[in-house]
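Listed below, chain by chain, are the residues.
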Amino acid sequence: MLRVNGLNVFYGNIHALRDISFNVEEGEVVTLIGANGAGKTTTLHSISGLTPSKSGEIQFLQKSLKGVSPNQIVQLGLGQVPEGRRIFANLTVLENLEMGAYIRKDKQQVKADYENVFARFPRLKERLKQIAGTLSGGEQQMLAIGRTLMSRPKLMLMDEPSMGLAPLLVKEIFEIIKEINRGGTTILLVEQNAHMALSIAHRAYVLETGKIVLEGPAKELAQNEQVRKAYLGG
Ligand code: ATP
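Residues numbered from 1 in each chain as written. Predicted model: local features only at pLDDT ≥ 70, side-chain atom pairs only at ≥ 80, totals over all residues. Heavy atoms only, no water.

Under an unreviewed UniProt entry, the protein has the name Amino acid/amide ABC transporter ATP-binding protein 2 (HAAT family) and belongs to Hydrogenispora ethanolica. The UniProt entry for the protein carries the following comment under Sequence similarities (unreviewed entry): "Belongs to the ABC transporter superfamily." (UniProt positions renumbered as here; feature names shortened; annotations may be inferred.)

Visitor: Can you walk me through the pairing of strand S7 (residues 155-159) in this structure?
Guide: Taken residue by residue, a regular strand's side chains alternate between the two faces of the sheet. Burial runs high along S7: five of the five residues are buried. Note: strand S6 (residues 78-81) against S7, four bridges, orientation parallel. Residue pairing for S7: Leu78 is matched across the bridge by Leu155. In this sheet, strand S8 (residues 186-191) lies alongside S7 in parallel orientation, the contact comprising five bridges. For Met156, the partnering residue across the bridge sits in S8 and is Ile187. Traced from S7 through helix H7 (residues 167-182) to S8, the parallel crossover comes out right-handed. (Buried < 20%, exposed > 50% of the residue type's maximum accessible area, 1.4 Å probe, protein only. Helix = DSSP H or I, 4+ residues; strand = E, 2+ residues; numbered from the N terminus. Pairing = 2+ DSSP bridges. Right-handed = clockwise from strand over helix to strand, strands pointing away.)

Visitor: I keep staring at the site of the ligand and nothing clicks. Help me out?
Guide: Around the ligand, the surrounding shell holds 13 residues, and the nearest of these are Asn36, Gly37, Lys40, Thr41 and Thr42. Contact distances for the ligand include 2.8 Å between an oxygen atom and a side-chain N or O atom of Thr41. Between the ligand and the protein, one listed contact pairs an oxygen atom with a side-chain N or O atom of Thr42 at 2.5 Å. Relative to its free-state accessible area of 640 Å², the ligand is covered by the protein chains to the extent of 61%. The element that contributes the greatest number of residues to the shell around the ligand is helix H1 (residues 40-47), accounting for three residues. Considered class by class, the residues forming the shell around the ligand number four nonpolar, six polar and three charged. (Near = heavy atom within 4 Å. Polar contact = N/O pair within 3.5 Å; in protein donor to acceptor, adjacent residues only side chain to side chain. Areas by Shrake-Rupley, 256 points an atom, 1.4 Å probe, with all protein chains shown as cover. Nonpolar A, V, L, I, M, F, W, Y, C, P; charged D, E, K, R; others polar.)

Visitor: Sorry, what's going on with the layout of surface pockets here?
Guide: If a probe as big as a water molecule is rolled over the atoms, it shows which places are left empty. Volume-wise, the largest pocket comes out at about 570 Å³. The wall of the largest pocket is formed by 21 residues, among which Val74, Gln80, Pro82, Arg147 and Thr148 lie closest to the centre. Tallying contributions element by element places helix H2 (residues 70-75) first for the lining of the largest pocket, with four residues. Each pocket or cavity is described by its volume, and for the second largest pocket that value is around 310 Å³. (1 Å grid on protein atoms, 1.4 Å probe; cavity = no way out; pocket = protein on both sides within 12 Å on 5 of 7 lines; lining within 4 Å. Points joined across faces, edges and corners; volume = space filled by probe spheres on them.)

Visitor: Explain the packing of helix H6 (residues 137-149) against H7 here, please?
Guide: When two helices pack together, you describe them by how their axes are tilted relative to each other and by the distance separating the axes. Where H6 contacts H7, the axes come no closer than 10 Å and their chain directions differ by 10 degrees. Considering their axes alone, H6 and H7 lie roughly parallel with respect to each other. Along this stretch, H6 crosses H7, giving a crossing that reads as right-handed. Each of Gly138, Gln141, Met142, Ile145 and Leu149 in H6 lies in contact with H7, whose residues at this interface are Leu169, Glu172, Ile173 and Ile180. For the contact of H6 with H7, the per-class residue count stands at six nonpolar, two polar and one charged. (Axes fitted to C-alpha atoms, helices over the stretch in contact; angles between N-to-C directions. Parallel < 35°, antiparallel > 145°, perpendicular 65-115°, else oblique. Left-handed = near helix turned anticlockwise from the far one by under 90°. Contact = heavy atoms within 4.5 Å.)

Visitor: It is not clear to me how H6 should be interpreted in this structure. Could you clarify?
Guide: Each α-helix turn comprises 3.6 residues. Residues three or four places apart therefore point the same way. Compared with an ideal rise of 1.5 Å per residue, which puts 13 residues at 18 Å, H6 spans 19 Å between its outermost C-alpha atoms and is within 8% of the ideal. Of all the residues in H6, the buried ones are Gly138, Glu139, Gln140, Gln141, Met142, Leu143, Ala144, Ile145, Gly146, Arg147, Thr148 and Leu149. (Expected span 1.5 Å × (residues − 1).)

Visitor: Just to check I follow, could you spell out the side chain of Thr31 for this structure?
Guide: Residue placement: Thr31 occurs in strand S3 (residues 29-33). On the accessibility criterion, Thr31 (0% relative accessible area) is buried. The residues contacting Thr31, other than those within four sequence positions of it, are Leu189, Glu191, Ala197, Leu198, Ala201, Arg203, Ala204 and Tyr205.

Visitor: When you look at helix H3 (residues 93-101) in this model, what are you seeing that I'm missing?
Guide: Among all positions in H3, only Val93, Asn96, Leu97, Gly100 and Ala101 are buried. The buried residues of H3 occupy an angular sector of 140 degrees when projected down its axis, which confines them to one face. Elements that come into contact with the buried residues of H3 comprise helix H4 (107-120), helix H5 (122-125) and H6. (Arc of directions from axis to C-beta.)

Shown next as structure tokens:
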């Protein structure tokens, strides 16, 4: 579904991504784990067309994304849940969800998708008129996911959904991610919380200072000595 081949990204002199190659197949949850500054967000932003690359190729559904605008990329079925709580803080919950659906013309299906989002996130349904900036951290994360679901992505890119959340909420969010995947959405998940990410992913890649240093089935990487020492607290 997604193929990234030999991707290089620079910020001025900083070589943020060094020849990154990986792939995501339909139906998978793939995770990219790595420490602060490893290049996880940069990878997602390159795929969504927000950060330009110096070289390399990104293909989505066998189509090159070179020169395709971020908007068109969303239209092709690639939705990104941004890092942290990047919702529209001054808009209501409902308005945020409407923003997610704005590119869609299949109005009947959009209606059904609202119901799906409400079923998945009952707390959002209770707060449709609430200003999004006043939601709790966990609720904002749910809203960010719900908003992306409203664009009906085939592939959902998720940037550190666990960030800043209490352990119980992290568990809840990861359960939701698993369910979304079971519902047929392919997921590329970027995480510092390697433990949780490896527990729900099918395959994983380890990113260190802009390079992929390890890859394999998530279950195997969770047992890998190097990964356990560096990312799983021994
Ligand atoms: P974190 O988990 O801390 O968000 P990350 O793995 O997502 O980290 P990136 O945000 O992709 O890492 O950053 C990769 C590297 O690129 C870092 O060294 C960072 O300082 C640098 N970088 C990121 N964005 C910019 C920018 N706009 N200008 C200059 N350097 C940047």
